[in-house]
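The primary structure of each chain is shown beneath.
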Amino acid sequence: MAQRIGYAAGAFDLFHIGHLNILKHARERCDVLIAGVVSDEMLRQVKGIEPVVPTLERVEIVRAVRWVDEVHVETVPDKLDTWREVGFTHFFKGDDWRGTEKGLRLEHEFAEVGVEVVYFPYTAHTSSTVLRRALAQLTANADAAALQAQIALS
């Protein structure tokens, strides 16, 4: 039987339970799991976000997860180019991509090269986007409190 090489990619910024779940579920469905960590440059270029945790630190965090066999830093936006570099047989993604234009395109492109796309339940209650909003709100509240304290002291 052929070896099942899985690939689960993400920013893995502000690492949370959703990230852990996708890596755990992915590893259960393959012989080798390669985690793709999207580089800071790609996050800026493709998603327009500034990562909180730098690439090399995110790589070390993901590498420490027991279900991950290897880590690949993504420096190109095209997943087919990544497949050419890595050579995986299964691509794992959160089901927030299922049925979307990007997800359908990915499924079609990967089907042409024999890669199966497998979706896992997206952890909606905890995401990096939600965590970023919470951090921004906490920062704004702290800034406002500091300003009020400064005004009170004047």
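For clarity, every value in this text was computed on a predicted model and none was experimentally measured.

(A) How the structure looks around the packing of aromatic side chains. Within this structure, the stated rule accounts for 7 aromatic pairs. Both rings, one in Tyr7 and one in Phe88, keep their centres 4.6 Å apart while their planes meet at 10 degrees; by these two values the pair is stacked. Placement of the pair is Tyr7 in strand 1 (residues 5-10) and Phe88 in the loop between helix 4 (79-86) and strand 4 (90-94), with a sequence separation of 81 residues. The exposure class assigned to Tyr7 is buried, which follows from its relative accessible area of 0%. The class for Phe88 is buried, based on a relative accessible area of 2%. Between Phe92 and Phe120, the aromatic rings sit 5.4 Å apart at their centres with planes inclined by 20 degrees, giving stacked as the arrangement. Separated by 28 residues along the polypeptide, Phe92 in strand 4 and Phe120 in strand 5 (residues 116-120) bring together distant segments of the chain.

(B) How the structure looks around the nonpolar core. Core analysis: the largest hydrophobic core is formed by 18 residues, its most contacted members being Leu23, Leu33, Val62, Val68 and Phe92. Those elements that place two or more of their residues in this core are helix 1 (17-27), strand 2 (32-38), helix 3 (55-63) and strand 5. Not counting residues within four places of it along the chain, the set of residues in contact with Leu23 comprises Ala8, Phe12, Phe15, Leu33, Ala35, Val62, Val65, Trp67 and Val68. Grouped together as the second largest cluster of nonpolar side chains are 14 residues, Ala9, Trp97, Phe110 and Val115 included.

(C) Molecular detail of the pairing of strand 5. Taken across its 5 residues, strand 5 has 4 buried, putting it largely inside the fold. Chirality of the crossover, the property in question, places the unit of strand 4, helix 5 (residues 101-112) and strand 5 among those that are right-handed.

(D) Inspection of unusual backbone geometry at higher detail. Of note in this structure, Phe12 is not a glycine but carries a positive phi near 55 degrees. Among the secondary structure elements, Phe12 is positioned in the loop between strand 1 and helix 1. If you check the backbone angles, Leu14 has positive phi at about 50 degrees while not being a glycine. Take Leu14: it is sitting in the loop between strand 1 and helix 1. The exposure class assigned to Leu14 is buried, which follows from its relative accessible area of 15%.

(E) Quick look at the environment of Gly6. With respect to the helices and strands, the residue Gly6 is situated in strand 1. As for Gly6 and Cys30, which are separated by 24 residues in sequence, their C-alpha atoms are 5.6 Å apart. The contact partners of Gly6, leaving out residues within four places of it in the chain, are Cys30, Val32, Leu33, Ile34, Phe88, His90 and Phe92.

(F) Region of the structure containing the pattern of salt bridges. On inspection of all chains with the given rule, the structure shows 8 salt bridges. The partner of Arg27 in a salt bridge is Asp69, and the shortest N-O contact between them spans 3.1 Å. Of the two residues, Arg27 is situated in helix 1 and Asp69 in the loop between helix 3 and strand 3 (70-74); the sequence distance between them amounts to 42 residues. Residue classification places Asp69 among the partly exposed positions, given a relative accessible area of 42%. Here Arg29 and Glu28 are joined by a salt bridge, their closest N and O atoms 3.6 Å apart. Take Arg29: its relative accessible area is 35%, and that puts it in the partly exposed class.

The rules behind each value
Residues numbered from 1 in each chain as written. Predicted model: local features only at pLDDT ≥ 70, side-chain atom pairs only at ≥ 80, totals over all residues. Heavy atoms only, no water. Phe/Tyr/Trp six-rings, centres within 6.5 Å; stacked < 30°, edge-to-face > 60°. Helix = DSSP H or I, 4+ residues; strand = E, 2+ residues; numbered from the N terminus. Buried < 20%, exposed > 50% of the residue type's maximum accessible area, 1.4 Å probe, protein only. Core = buried A, V, L, I, M, F, W, Y, C linked by side-chain atoms within 4.5 Å. Contact = heavy atoms within 4.5 Å. Right-handed = clockwise from strand over helix to strand, strands pointing away. Salt bridge = Lys/Arg side-chain N within 4 Å of Asp/Glu carboxyl O.

No statement about biological role is implied by the geometric values presented.
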